[in-house]
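# Coordinates in review
Residues per chain are reported as follows:
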Amino acid sequence: MGLLSASAVINLTNVAAMSEYGLGSVVLYILPALVFLLPAAFTAAELGSTWHGGVFTWVHEALGEKWAFCAAWQQWVQNIIFYPLLLSFAAGNLAYIVSPGLALNGPFNGTFVLGGFGLCAAVALHGVGRASRFSVWGVVLGIVVPTVLLTVLAVVYLLSGHASATPLEASHLLPPWSGIGGLVLVVGNFLAYGGVEVSAVHVREMKDARHGYPKAMVLMALLATLIFVFSTLGVAVAVQHQRLDLSAGLIQSFETYLDVYGLKRIASVFGLLILIASLGTVLTWMLGPNHSLLLVGRKGLLPPLFQRTNAHGTPTALLAAQGVLVTLLALAFFVSKNVNQVYWALAAMTTQLYLPMYGLLFVSALRLRRTRPDVPRGYRAPALPLLACVGIVASVLAFIVGFVPPKQLKVKQPGTYVANLAGLVFALGAVPFVLYAHRKPEWRQPEPPSPAR
């Protein structure tokens, strides 16, 4: 469960961009970890070990069915935009192995997004068990192993007398201020830690959820922070910012280190491992939110059409709906002249759609402590009121800053950018309220039995 949770949280899409800050990146990772990841992890541990079912159940217990539906929907819909974001990152790594020029080729990225989504969907159709094993192995082979090797190579590289490509003096520990547009990158790190609650829908499959789930959250939090910090520093030591490829910075780093030993060609192996990890992360996100929204739908909140499953219990209709929307988003790569701009725009949209769900999560935890204090907790988070309040403030501030155009986008009309982003966020956010207002009694379906342990 810890590794499955990690496969949802850990992705390396921001590593190359963060490496520009060198040692300063440590602060830019630790700050969101302290004010967002830890509050979310401890909150999810208490709620998940007490009320099984994931975000919908937690918010439902605290705020009622309407807001619970909203939370589950936000978790599901941000996923649709996250898929192309992560798959375009994987496309960049693959392109660097085959032909570096393809990394900025729109049709190549769009085609890979469609193919990668289709491949993951095919695996997901065979059920949670097989798909979750692929996700776990994807994290181990494609993220943990490369990060450990990258760290070792960076240390040996420096001890051998080679100079770091990015200054590592103590004076660089505080990242330079580059205006509020640069602050958006920190908000992006909130997304890097997003997903801590995704695996909660599978808590009922654990043998000892009350004790095991909190331990899984601790393992996930430690693993995520260490991997982000060390992989970023590994890139910072190897590659100068001026020649850094945002989607293939990790491969460039391995090439730099291995070239010292005449083994530069081996770097392509790590590109394939990172590709596997990206597919594993996509698969994890297919498992949690789709199954979670399926359970929500069966409570009478989604039309029967979207409650269909196959023999393995996979919510095929919801998966198909995501496939249609991902296809439409992939078209942006085909028509855009700048792949990097599409990448940053997707990152901004994903963050803005996801943060409201965390606000509801923290508010629910606070309310349940006050209204349901006598319910035995499987795990009781220390200083939960403080953690939840910190998480609420951090989420609200990150949401506000998230509307600022990232400096990487080079937006010429900020007002239009903010209006378009706000329109998209609020239009998609309104969908669950519309569905809730038009729900019908015949939409309710019996819930499936709990899976055998």
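Criteria and cut-off values
Residues numbered from 1 in each chain as written. Predicted model: local features only at pLDDT ≥ 70, side-chain atom pairs only at ≥ 80, totals over all residues. Heavy atoms only, no water. Core = buried A, V, L, I, M, F, W, Y, C linked by side-chain atoms within 4.5 Å. Buried < 20%, exposed > 50% of the residue type's maximum accessible area, 1.4 Å probe, protein only. Helix = DSSP H or I, 4+ residues; strand = E, 2+ residues; numbered from the N terminus. Contact = heavy atoms within 4.5 Å. Phe/Tyr/Trp six-rings, centres within 6.5 Å; stacked < 30°, edge-to-face > 60°. Axes fitted to C-alpha atoms, helices over the stretch in contact; angles between N-to-C directions. Parallel < 35°, antiparallel > 145°, perpendicular 65-115°, else oblique. Left-handed = near helix turned anticlockwise from the far one by under 90°. pLDDT = per-residue confidence, 0-100. Salt bridge = Lys/Arg side-chain N within 4 Å of Asp/Glu carboxyl O. Nonpolar A, V, L, I, M, F, W, Y, C, P; charged D, E, K, R; others polar.

### Notes on the nonpolar core
Counting residues in each nonpolar core, the largest one holds 137 residues, and the members touching the most others are Ile10, Met220, Met286 and Tyr358. A per-element tally of this core places helix H5 (residues 65–98) first, with 19 residues. Look past the residues within four positions of Met286 in its chain and what remains in contact with it is Asn79, Tyr83, Phe117, Cys120, Ala121, Ala124 and Leu319.

### Remarks on the packing of aromatic side chains
Inspection of the entire model under this criterion finds 10 aromatic pairs. With a centroid separation of 5.1 Å and 70° between ring planes, the pair formed by Tyr157 and Tyr257 is classed as edge-to-face. Note that Tyr157 is positioned in helix H7 (residues 128–159) and Tyr257 in helix H10 (residues 249–259), a separation of 100 residues in sequence. Tyr257 shares its class with Tyr157; the two are buried.

### Describing the packing of helix H3 (residues 24–50) against helix H13 (residues 339–371)
One can describe the packing of H3 onto H13 by two numbers: an axis separation of 10 Å at closest approach and a directional angle of 50°. With respect to each other, H3 and H13 are oriented oblique. Regarding H3 and H13, the two cross each other, and that crossing is left-handed. Residues Phe36, Pro39, Ala40, Thr43, Glu46 and Leu47 of H3 form the contact with H13, whose participating residues are Leu355, Tyr358, Leu361, Phe362, Ala365, Leu368 and Arg369.

### Side note on the confidence of the model for the protein
Overall, the prediction assigns the protein a mean pLDDT of 84, with 91% of residues at 70 or greater. No element of the protein has a lower mean pLDDT than helix H8 (residues 180–192), at 65, and none a higher one than helix H4 (residues 55–63), at 93.

### Observations concerning the pattern of salt bridges
Scanning the model with the defined rule gives three salt bridges in all. Its salt-bridge partner being Glu46, residue Arg369 comes within 2.9 Å of it at the nearest N-O pair. One end of the pair, Arg369, is in helix H13; the other, Glu46, is in helix H3, and 323 residues separate them in sequence. Both residues of the pair, Arg369 and Glu46, count as buried. Measuring nitrogen to oxygen at the nearest pair gives 3.2 Å for the salt bridge that ties Glu46 to Arg377. Here Glu46, found in helix H3, pairs with Arg377, found in the loop between H13 and helix H14 (384–401); they are 331 residues apart in sequence, far enough to count as distant. The same class applies to Glu46 and to Arg377, which are both buried. One connected set of salt bridges, linked through shared partners, spans Glu46, Arg369 and Arg377.

### Examining the packing of helix H6 (residues 106–124) against helix H12 (residues 316–335)
It is at 7 Å that the axes of H6 and H12 come closest, and there the two elements cross at 165°. In terms of orientation, H6 and H12 fall into the roughly antiparallel class. Pair H6 / H12 crosses with right-handed handedness. Packed against H6, whose contacting residues are Gly106, Pro107, Asn109, Gly110, Thr111, Val113, Leu114, Phe117, Ala121 and Ala124, the element H12 presents Leu319, Gln322, Gly323, Val326, Thr327, Ala330, Phe333 and Phe334 at the interface. A class-by-class count of the residues in the contact of H6 with H12 yields 11 nonpolar, seven polar and no charged.

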